[in-house]
Amino acid sequence: MEDRMQHEQASTAVQTRVQDSFDLQGLMSHLGARLTHIGPGRVHIMLPARPEVTQQHGYIHAGATSAIADSAGGYAALTLFDEDSEVLTVEYKINLLAPAAGDRLEAIGTVLKSGRTLTVCQLEVYGVQADGARKLVANGQQTLIRVHRTAQ
């Protein structure tokens, strides 16, 4: 089932809703992050390595690493919610396992349990080299709350 979940695409309506929401995030735009996969309960976000997102040693900053992980989990949860619902992070814990090095980072959020009110997601961030080699640089867990969409 895990392999199928990695490649399954969300419906066009869900993909559009997630992409539209993502496009409203100033931080993701500022970082240069983009969505690369939107599936039921699973979202991937890619962040290119560039000087503006690094720390003093040249690795991608933990703040950028954490931000894309948080967003990947939040959007993974949103893929399973109805169109009248939105999502907010209640808490998350991230372990930085290795320096965030590579040509890009890929954050993967995967829903572990989607509930009526709270949803729990697994977070993974990989450093990816130009040749496709991948190394897990961070992992974590996140709790999100479903909220009703507000009229705008």
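Computed from a predicted model, the values in this text were never measured in an experiment.

Reading the values: rules and limits
Residues numbered from 1 in each chain as written. Predicted model: local features only at pLDDT ≥ 70, side-chain atom pairs only at ≥ 80, totals over all residues. Heavy atoms only, no water. 1 Å grid on protein atoms, 1.4 Å probe; cavity = no way out; pocket = protein on both sides within 12 Å on 5 of 7 lines; lining within 4 Å. Points joined across faces, edges and corners; volume = space filled by probe spheres on them. Helix = DSSP H or I, 4+ residues; strand = E, 2+ residues; numbered from the N terminus. Nonpolar A, V, L, I, M, F, W, Y, C, P; charged D, E, K, R; others polar. Phe/Tyr/Trp six-rings, centres within 6.5 Å; stacked < 30°, edge-to-face > 60°. Buried < 20%, exposed > 50% of the residue type's maximum accessible area, 1.4 Å probe, protein only. Lys NZ or Arg CZ within 6 Å of the ring centre and 35° of its normal. Polar contact = N/O pair within 3.5 Å; in protein donor to acceptor, adjacent residues only side chain to side chain. Contact = heavy atoms within 4.5 Å.

Asks: Got a minute to help me understand the layout of surface pockets in this structure?
Replies: Empty pockets left among the atoms are what a rolling probe the size of a water molecule brings to light. Here the largest pocket is characterised by a volume of approximately 480 Å³. For the largest pocket, the lining is made up of 18 residues, of which S21, Y75, L78, E86 and V87 are closest to its centre. Put simply, the parts of the chain that give the lining of the largest pocket at least two residues each are α2 (12-23), α4 (62-78) and β3 (85-96). When its residues are assigned to classes, the lining of the largest pocket shows six nonpolar, seven polar and five charged.

Asks: Would you take a moment to explain the packing of aromatic side chains for this structure?
Replies: Here a ring pair, both rings aromatic, is described through the centre-centre distance and the interplanar angle of the planes. What the rule picks out here adds up to one aromatic pair. Aromatic pair F22 and Y75: ring centres 5.9 Å apart, planes at 65°, arrangement edge-to-face. Here F22, found in helix α2, pairs with Y75, found in helix α4; they are 53 residues apart in sequence, far enough to count as distant. Under the relative-accessibility criterion, F22 is labelled buried at 5%. For Y75, a relative accessible area of 5% corresponds to the buried category. The residue whose ring lies beneath R134 is Y126, and the NZ or CZ to ring-centre distance is 4.3 Å.

Asks: Please explain the side chain of Q142 as it appears in this structure.
Replies: Relative to the helices and strands, Q142 resides in strand β6 (residues 134-148). Only 2.7 Å separates the side chain of Q142 from the side chain of D70, close enough to count as a polar contact. Among the polar contacts listed, one links the side chain of Q142 to the side chain of T89, at a separation of 3.4 Å. Discounting chain neighbours no more than four positions away, the residues touching Q142 are D70, G73, G74, T89, E91, Y92, T119, V120, C121 and L123.

In short, the description is geometric, and any link to function would need to be established separately.
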